[in-house]
Amino acid sequence: MAPMGIRLSPLGVAVFCLLGLGIIYHLYAGVISSRLSAFRQVKKVDLRELLAVSVEAAVLGGKEVKRIRDENSLNEKSKGETREGAKELLTTGDLQSHRKMFNLLSNTFPDVTVHSEEHDNVLDSVTWDKKIPAEILEKVKESTEVPADSITVWIDPLDATQEYTEKLVKYVTTMVCVAVDGRPVIGVIHLPFTGLTAWGFVGQGSNVHVRSSYTYNPPKVIVSRSHSGEVKKFIQDAFGNNTTIITAGGAGYKVLSLLDITSSESDPMDQADVYVHITFIKKWDICAGAALLNALGGHMTTLKGEEIDYSGTPLNKGGLVATIGENHKSILEKLPNWDPEKH
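Owing to the predicted nature of the structure, the values given are computational and were not obtained by experimental measurement.

*Asks:* Before we go on, may I ask you to explain the overall build of the chain in this structure?
*Replies:* In terms of helices and strands, the chain carries 9 helices and 19 strands. Taking the contacts inside the chain whose residues are at least 6 apart along the sequence as the reference set, 70% of them involve residues at least 24 apart. Just so you have it, the chain exposes about 17500 Å², and 51% of that area is on carbon and sulfur atoms.

*Asks:* Teacher, can you tell me more about the sheet that holds strand E13 (residues 245–248) here?
*Replies:* In any sheet, the strands associate via hydrogen bonds between backbone groups, in a parallel or an antiparallel arrangement. Taken together, 5 strands build an open sheet; the order of strands is E13-E12-E15-E19-E17 and the sheet is mixed. Looking at which strands have only one partner, the edges of the open sheet turn out to be E13 and strand E17 (299–301). Strand-to-strand twist across the sheet, computed as the mean angle between neighbouring axes with direction ignored, equals 20°. Taken together, the 4 bridges between strand E12 (residues 221–224) and E13 define a ladder with parallel strand orientation. Looking across to E13, one finds that Ser224 is bridged to Ala248. This element, helix H8 (residues 283–295), spans E17 and strand E19 (320–323) of the sheet and lies at about 140° to E17.

*Asks:* When you look at the layout of surface pockets in this model, what are you seeing that I'm missing?
*Replies:* As a volume, the second largest pocket reaches approximately 200 Å³. Along the walls of the second largest pocket sit 14 residues, with Val169, Lys170, Thr194, Ser264 and Asp267 positioned nearest its centre. Classifying every residue of the lining of the second largest pocket by side-chain character gives 8 nonpolar, 4 polar and 2 charged. Each of domain 1 (45–207) and domain 2 (210–334) gives at least three residues to the lining of the second largest pocket.

*Asks:* Please explain the pattern of salt bridges as it appears in this structure.
*Replies:* Pairing between side chains of opposite charge can happen when their charged atoms approach one another. Overall, the coordinates contain 14 salt bridges when judged by the stated rule. Between Asp124 and Lys100 there is a salt bridge, with its nearest N and O atoms 3.1 Å apart. Pair noted here: Asp124 is in the loop between strand E4 (113–116) and helix H4 (134–139) and Lys100 is in helix H3 (residues 92–108), with a separation of 24 residues, a long-range link. A relative accessible area of 22% places Lys100 in the partly exposed class. Salt bridges linked by common partners bring Glu64, Arg67 and Glu71 together as one network.

*Asks:* Hey, could you run me through the UniProt feature "binding site: Mg(2+)" (unreviewed entry) in the chain in this one?
*Replies:* Mapped onto this numbering, the UniProt entry gives "binding site: Mg(2+)" (unreviewed entry) at Glu117, Asp156, Leu158, Asp159 and Asp285. Sequence-wise these annotated residues cover 169 residues; spatially they are packed, their C-alpha atoms never more than 9.5 Å apart. In this view, Glu117 contacts Lys79, Ile155, Asp156, Pro157, Leu158, Trp284 and Asp285; residues no more than four positions away in its chain are not counted. With respect to the helices and strands, the residue Asp159 is situated in strand E6 (residues 151–159). The class for Asp159 is buried, based on a relative accessible area of 5%. A polar side-chain atom of Asp159 sits 2.9 Å from the main-chain amide nitrogen of Ala251.

*Asks:* What is the right way to look at the pairing of E4 in this model?
*Replies:* Two faces, one strand: in a regular strand the side chains alternate between the faces of the sheet. Of the two faces of E4, the one holding Val114 and Ser116 is buried and the one holding Thr113 and His115 is not buried anywhere. Relative to E6, E4 runs parallel, the two sharing 4 bridges. In the sheet register, Ser116 faces E6, and the bridge partner there is Ile155.

*Asks:* Before we go on, may I ask you to explain the packing of aromatic side chains in this structure?
*Replies:* How two aromatic rings sit relative to each other is set out by the distance from centre to centre and by the angle between their planes. For the structure shown, the criterion picks out 4 aromatic pairs. For the pair Trp154 and Trp284, a centre-to-centre distance of 6.2 Å together with 55° between the ring planes defines the contact as tilted. Here Trp154 is found in strand E6, whereas its partner Trp284 is found in helix H8, with 130 residues between them in sequence. Per residue, the accessibility class of Trp154 equals that of Trp284, and both read buried. Plain terms: the ring middles of Tyr171 and Tyr253 are 4.9 Å apart, the flat faces sit at 85° to each other, and that makes the pair edge-to-face. Residue Tyr171 is found in the loop between helix H5 (161–165) and strand E7 (173–180), and its partner Tyr253 is found in helix H7 (residues 251–256); the two are separated by 82 residues along the sequence. Classification of Tyr253 by relative accessible area gives buried; the value is 0%.

*Asks:* How should the sheet that holds E6 be read in this particular structure?
*Replies:* One open sheet accounts for 6 strands, arranged E4-E6-E7-E8-E9-E10; its pairing is mixed. Since the sheet does not close on itself, it has two edges, and those belong to E4 and strand E10 (205–206), each with one partner. Bridge analysis of E6 against E7 gives 7 bridges, and the strand direction is antiparallel. Its bridge partner being in E7, Asp156 is matched across the sheet by Met175. In the packing of helix H2 (residues 47–71) onto the sheet, the strands contacted are E6, E7, strand E8 (183–190) and strand E9 (197–201), and the crossing angle to E7 comes to about 160°. Packed onto the sheet, H3 meets E4, E6 and E7 and runs at close to 155° relative to E6.

Definitions and cut-offs
- Residues numbered from 1 in each chain as written.
- Predicted model: local features only at pLDDT ≥ 70, side-chain atom pairs only at ≥ 80, totals over all residues.
- Heavy atoms only, no water.
- Helix = DSSP H or I, 4+ residues; strand = E, 2+ residues; numbered from the N terminus.
- Contact = heavy atoms within 4.5 Å.
- Areas by Shrake-Rupley, 256 points an atom, 1.4 Å probe, with all protein chains shown as cover.
- Pairing = 2+ DSSP bridges.
- Axes fitted to C-alpha atoms, helices over the stretch in contact; angles between N-to-C directions.
- 1 Å grid on protein atoms, 1.4 Å probe; cavity = no way out; pocket = protein on both sides within 12 Å on 5 of 7 lines; lining within 4 Å.
- Points joined across faces, edges and corners; volume = space filled by probe spheres on them.
- Nonpolar A, V, L, I, M, F, W, Y, C, P; charged D, E, K, R; others polar.
- Domains from an automatic or database assignment.
- Salt bridge = Lys/Arg side-chain N within 4 Å of Asp/Glu carboxyl O.
- Buried < 20%, exposed > 50% of the residue type's maximum accessible area, 1.4 Å probe, protein only.
- UniProt positions renumbered as here; feature names shortened; annotations may be inferred.
- Polar contact = N/O pair within 3.5 Å; in protein donor to acceptor, adjacent residues only side chain to side chain.
- Phe/Tyr/Trp six-rings, centres within 6.5 Å; stacked < 30°, edge-to-face > 60°.

Set out below in structure tokens:
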């Protein structure tokens, strides 16, 4: 209540309040504006840095995979079955590799979505030392920034787990793929038991090469060991009964078989001209290979020639065909009609 004898003018009070608000706005407008601007600012990620971390993640995961296998402490168990009835195995190697790979990527790029074949709540404080390897700096001269929310990272902490348990370790890989707006642009495939790491960055370069020549009449076709019966008939219907069909484990290994990869003389890597898969397959299995092939002028599509979208759900239902060079369309045209969803 105002003192006796003094009446406050409503208009005066209003003017006083407006003046006060004006002073407060003048004092704090800059602070509020800068905070709102920072909130609205789109967070960016440097793809060259993400490539460096992807390579390191694949190598770190590979060390765990090799260590567990050397110690023979796999503790394998089944986590289900594929549509073809093959057991999907989980080992300590899968989990330990996942922890290193997933946490390194998530700790370094917290605004990026990372999908892994495995799921585990164990946190690891593993961090990146912020050093980009000279090999990457030599090939990728400049930084490329993209919005963090346009990126999807797919990791396979241990590809070819079945073969891993059978000690067929040449098929085993660890893989990281970076997709931007659903398109695979960075692929890393690491062979833990030889130490080789293949990477490709679409439009920038790769540390591996295609072979000097390929044969397509008929081609050597590499397929999965897990359902070789159906796919062999499919391949023979496409290219003839004399077609050489190579069975192998691991999608990453099959992609590398299309390239010029140095391997040990005691256990040489297979060399194929075409990679075909005729049933469902997960994107963490194939995204890294797709990016690597794209960086080298190769192709990976569904059996119908459709581009695969590497965002959204993990399952690719269209099968796949992977080739090098300009023969992809002619290969697709020879394939028999096949619907993976019915097999």
